[in-house]
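Single-letter residue listing:
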2 protein chains.
Amino acid sequence: MATLKQVAAHAEVSVQTVSNALNAPHRLRPDTLERVTRSIELLNYRPNRNARSLRTSAVELIGYCVPSWPDGQAHLVMDQFLHALCTAAENTGRHILLFTAPTGLDGMPVYDDLHARRLVDGFVLSQTETHDPRHGWLKEQRIPFVSFGRVWQQTTQPGPYVDVDGASGCATATRHLAETGRRRIGFLGWPRTSGLAEDRLSGWRRACQQLGLPTDGLAVHCPEDTLDAGADATAELLDATEPVDGIVALSDVLALGALRELARRGLTAGTDVGLTGFDDSPLASVVSPALTSLRQPMDRIATALIAILTATPGDGAEPAAPADRLLQPELVIRGSSAPG
Amino acid sequence: MATLKQVAAHAEVSVQTVSNALNAPHRLRPDTLERVTRSIELLNYRPNRNARSLRTSAVELIGYCVPSWPDGQAHLVMDQFLHALCTAAENTGRHILLFTAPTGLDGMPVYDDLHARRLVDGFVLSQTETHDPRHGWLKEQRIPFVSFGRVWQQTTQPGPYVDVDGASGCATATRHLAETGRRRIGFLGWPRTSGLAEDRLSGWRRACQQLGLPTDGLAVHCPEDTLDAGADATAELLDATEPVDGIVALSDVLALGALRELARRGLTAGTDVGLTGFDDSPLASVVSPALTSLRQPMDRIATALIAILTATPGDGAEPAAPADRLLQPELVIRGSSAPG
DNA sequence: CTGAAAGCGCTTACAG
DNA sequence: CTGAAAGCGCTTACAG
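Residues numbered from 1 in each chain as written. Chains lettered and ligands numbered in written order. Predicted model: local features only at pLDDT ≥ 70, side-chain atom pairs only at ≥ 80, totals over all residues. Heavy atoms only, no water.

Caption draft 1: Inspection of the overall build of chain A at higher detail. Of the regular secondary structure elements, chain A holds 14 helices and 12 strands. Here chain A has a C-alpha radius of gyration of 25 Å; the compact-globule value for 340 residues is 20 Å, and the former is much larger. Dimensions of chain A along its principal axes, counting C-alpha atoms only, are 90 × 40 × 40 Å. Counting only residues that meet the buried cut, chain A has 54% of its 340 residues in that class. Residue pairs at least 24 apart in sequence account for 66% of intrachain contacts in chain A once pairs closer than 6 positions are excluded. Only carbon and sulfur atoms are counted for the fraction: they give 51% of the accessible area of chain A, which is about 15000 Å². Side-chain charges of chain A comprise 31 positive and 39 negative groups, with the mean position of each set lying 8 Å from the other. (Helix = DSSP H or I, 4+ residues; strand = E, 2+ residues; numbered from the N terminus. Rg over C-alpha atoms; globule rule 2.2 N^0.38 Å. Buried < 20%, exposed > 50% of the residue type's maximum accessible area, 1.4 Å probe, protein only. Contact = heavy atoms within 4.5 Å. Areas by Shrake-Rupley, 256 points an atom, 1.4 Å probe, with all protein chains shown as cover. Lys, Arg positive; Asp, Glu negative; His and termini not counted. Charge placed at Lys NZ, Arg CZ, Asp CG, Glu CD.)

Caption draft 2: Just the protein's contact with DNA strand D, in detail. Inspection of the region around DNA strand D gives 25 residues, with Gln16(A), Thr32(A), Arg55(A), Gln16(B) and Ser19(B) positioned closest. Backbone sugar and phosphate groups make up 63% of those atoms of DNA strand D lying within 4 Å of the protein. Asn23(B) places a side-chain nitrogen or oxygen 2.9 Å from a phosphate oxygen of DNA strand D. Within the side chain of Arg55(B), an N or O atom sits 3.0 Å from a base oxygen of DNA strand D. Listed by contribution, the elements that provide at least two residues to the surface near DNA strand D are helix 2 (15-23) and helix 4 (49-56) of chain A together with helix 2 (15-23) and helix 4 (49-56) of chain B. Per-element accounting of the surface near DNA strand D gives the leading share, 5 residues, to helix 4 of chain B. Class assignment of the residues belonging to the surface near DNA strand D gives a composition of 8 nonpolar, 11 polar and 6 charged. (Near = heavy atom within 4 Å. Polar contact = N/O pair within 3.5 Å; in protein donor to acceptor, adjacent residues only side chain to side chain. Nonpolar A, V, L, I, M, F, W, Y, C, P; charged D, E, K, R; others polar.)

Caption draft 3: Highlighting the protein's contact with DNA strand C. The environment of DNA strand C is formed by 24 residues, the closest being Gln16(A), Ser19(A), Gln16(B), Thr32(B) and Arg55(B). Near the protein, within 4 Å, the atoms of DNA strand C are sugar or phosphate in 63% of cases. Here Ser19(A) contributes a side-chain N or O atom positioned 2.6 Å from a phosphate oxygen of DNA strand C. A per-element tally of the surface near DNA strand C places helix 4 of chain A first, with 4 residues. Counted by class, the surface near DNA strand C contains 7 nonpolar, 11 polar and 6 charged residues.

Caption draft 4: Expanded view of the interface of chain B and chain A. Contacts between the two partners involve 45 residues from chain B, matched on the other side by 45 residues from chain A. Both faces combined, the contact of chain B with chain A buries some 4100 Å², and carbon together with sulfur accounts for 66% of it. Its largest share of buried area at the contact with chain A, chain B owes to Arg46(B), Asn50(B) and Leu98(B), together 15% of the area lost on that side. Our enumeration of links across chain B and chain A arrives at 4 salt bridges. (Buried area = accessible area lost by both parts, 1.4 Å probe. Salt bridge = Lys/Arg side-chain N within 4 Å of Asp/Glu carboxyl O.)

Caption draft 5: View of the sheet that holds strand 6 (residues 185-189) of chain B. All names here are of chain B. Taken in spatial order, the 6 strands of this open sheet run 7-6-8-9-10-12, and their pairing is mixed. Both edges of this open sheet fall to strand 7 (219-221) and strand 12 (330-332), since each of them pairs with a single strand only. On average, each strand axis in the sheet is tilted by 20° relative to the strand beside it, whichever way the strands run. In the packing of helix 10 (residues 227-239) onto the sheet, the strands contacted are strand 6, strand 7 and strand 8 (246-249), and the crossing angle to strand 6 comes to about 155°. In the packing of helix 11 (residues 252-264) onto the sheet, the strands contacted are strand 6, strand 8, strand 9 (274-278) and strand 10 (292-295), and the crossing angle to strand 9 comes to about 155°. (Pairing = 2+ DSSP bridges. Axes fitted to C-alpha atoms, helices over the stretch in contact; angles between N-to-C directions.)

Caption draft 6: Representation of the relation of the copies chain B and chain A. By a simple turn and slide, chain B fits onto chain A: the slide is 0.0 Å along the axis, the RMSD is 0.1 Å, and the turn is 180°. A rotation of that kind, with that shift, is consistent with a two-fold axis. Within chain B, Leu97(B) has its C-alpha nearest the rotation axis, a separation of 2.3 Å. (Least-squares fit on C-alpha atoms with pLDDT ≥ 70 in both.)

Caption draft 7: Local environment of the packing of aromatic side chains. The final tally for this structure, using the stated rule, is 12 aromatic pairs over all chains. An angle of 90° between the planes, with centres 5.0 Å apart, marks the rings of Phe99(B) and Tyr111(B) as edge-to-face. Of this pair, Phe99(B) sits in strand 2 (residues 95-99) while Tyr111(B) sits in helix 6 (residues 108-116), and the two are 12 residues apart along the sequence. A relative accessible area of 2% means that Tyr111(B) is categorised as buried. Above the ring of Phe278(A), the side-chain terminus of Arg200(A) is found at 3.6 Å from the ring centroid. When the ring centre of Tyr161(B) is taken as reference, the NZ or CZ atom of Arg325(B) above it lies at 5.6 Å. (Phe/Tyr/Trp six-rings, centres within 6.5 Å; stacked < 30°, edge-to-face > 60°. Lys NZ or Arg CZ within 6 Å of the ring centre and 35° of its normal.)

Caption draft 8: Highlighting the pairing of strand 4 (residues 145-148) of chain A. Residues and elements named next belong to chain A. Covered by surrounding structure in strand 4 are Phe 145 and Ser 147 together with Val 146 and Phe 148, the residues of both alternating faces. Judged from the 3 bridges that link them, strand 3 (residues 122-125) and strand 4 form a sheet pairing that is parallel. Following the sheet pairing, Leu 125 is matched in strand 4 by Ser 147. As defined by bridge partners, strand 4 adjoins strand 5 (residues 161-164) across 2 bridges and the pair is classed as parallel. Residue pairing in the sheet places Phe 148 in a bridge with Val 162 of strand 5.

Caption draft 9: Just the pairing of strand 2 (residues 95-99) of chain A, in detail. For strand 2 of chain A, the tally of buried residues reaches 5 of 5 residues, placing the bulk of the element in the interior. Neither face of strand 2 of chain A is exposed, since His95(A), Leu97(A) and Phe99(A) on one face and Ile96(A) and Leu98(A) on the opposite face are all buried. As defined by bridge partners, strand 2 of chain A adjoins strand 2 of chain B across 3 bridges and the pair is classed as antiparallel. Bridging from a neighbouring strand, Leu97(A) pairs with Leu97(B) of strand 2 of chain B.

As structure tokens, this is what we get:
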């Protein structure tokens, strides 16, 4: 492995000049730059990142805690997110360092340690929970971070974030069902203690109200995000005196539960009942009829996360406008919401 | 941030002694160690990893290329694999660095660069293709790596690997179907140019022969790993003069295609036809009936990968026996193979 | 068992 | 525009 010194000797300049050729080429005279560049290529020189990091105390590495899930509950769009995050990081010359940590406050010593030992410059948080305690802790420790997802605090969000506009997404899905002729559209949600659930619910309610459609008794709060819960809630909506003809589900899993319950009753999604999910997970295109779902714009999310995390205070690209932090999901229309 | 120097001053010893307290505590007198340890804790000292890496030229980081998939084709068990890999790496004091690269030989400059700049010590390869060119290239460059998956070369495997015993797994699945009363068991595979497909096919064939069951005309090679391909192949097996009553599918996706085709014909998996998949992906437990599938032992795979990659030549833990490199998948039995 | 010193490979004021 | 020198925070032979 060639070093800076060897390149300098080969090009007959000082090491400082070689360093400049790499990091501030405009400081060199064109002919010097040319000569140094040739030596660099000839010797196949690559700067040692550890030496650089030691000097600059920036490692260009971003920590991401790989979520663990209770048995079977896979994170269905994680590979999309990770790929997007990786690409966005690489576009700024950085990389993602993966680690595991206990959930909640118990995991914070791990974050602290990675930062203190200078394995990472900062963190991207995801799997953000309602009232997630990590954000406040990191902020207090002055450890750089950015969150995918809001903590849904009453007060202000502790630290920067990017999120998907779930309310707007569910409103879009609701309007879509209305446009395909549905007049009684139910909502499959989670318990109201979840900020995310509340947000998506509000979008459905707002759209219904604007369209003059009923909402009373049409929102069911599933105790957990499982097929069974989704199926049970769907049964409830179908057994009502006035059954629904459309269902906006807060997640693909709940929507799949709805799909199962419909099939069990001999009903067809898309024909008898319009149905939409959320996340556009791999499950959505696998079922039959395929599931209409709201896709999170992972590339834009990742780019925004990295941009915020790596923004140097005072470079003008300061506090992103709220609109930049709340990205719109895209409705991917499939058979489950075909015109009835 | 406290440095070694500051800790040394506080404990009234040399920096060398503090370093030893951390890396070779047995060299210190107990009372010295005690005093130094107290200073370390008091000052909340954490060794700077960059300085250490610069000196030792080992970064304790392992590169993993996050796969990108053509639209929709998600890597359904990637989150399981990544979590296991992360945990295994952390158990040896290491971490995973994520990166993206073009597939095949085109990506090798990225690997080379990460290694040359000392961002990683080596690589874990997955998504190993039949005749994967990466292995030979890395070996030639003397860049440390270990592969999840075999390259299926005629000659010897270039470099160390860990893999799942697909042949044995499919034999197990076949015997399982036979035990539940199936007598005519088909196989849903991929084209025979795939080493992995050939391996799994051989397990099915071997088991059928041992059980005295027919195999002639019962293996279908699906052109691609999609639901449609699986459904078409299943139709072929069911439309034969003597239709099958059992199906071993090489992947969960193909099995899901089979499930769809069965349902379309009013047949029920588990009752009319026994069916198994491979991977135990999140899809398996979501469909109805749920899919019996072969689960890859991710924790053991990851542990073996890291152990092989980080084995220092000459520490006795040398060449793993073939048995340690070929792990057995576990048959997770669900409704699709319920006794008929 | 403990310490003084060199050095890993860079970057960065500071001179010239 | 270019160079000599200091220093980032560690570890590692080498003495004592």
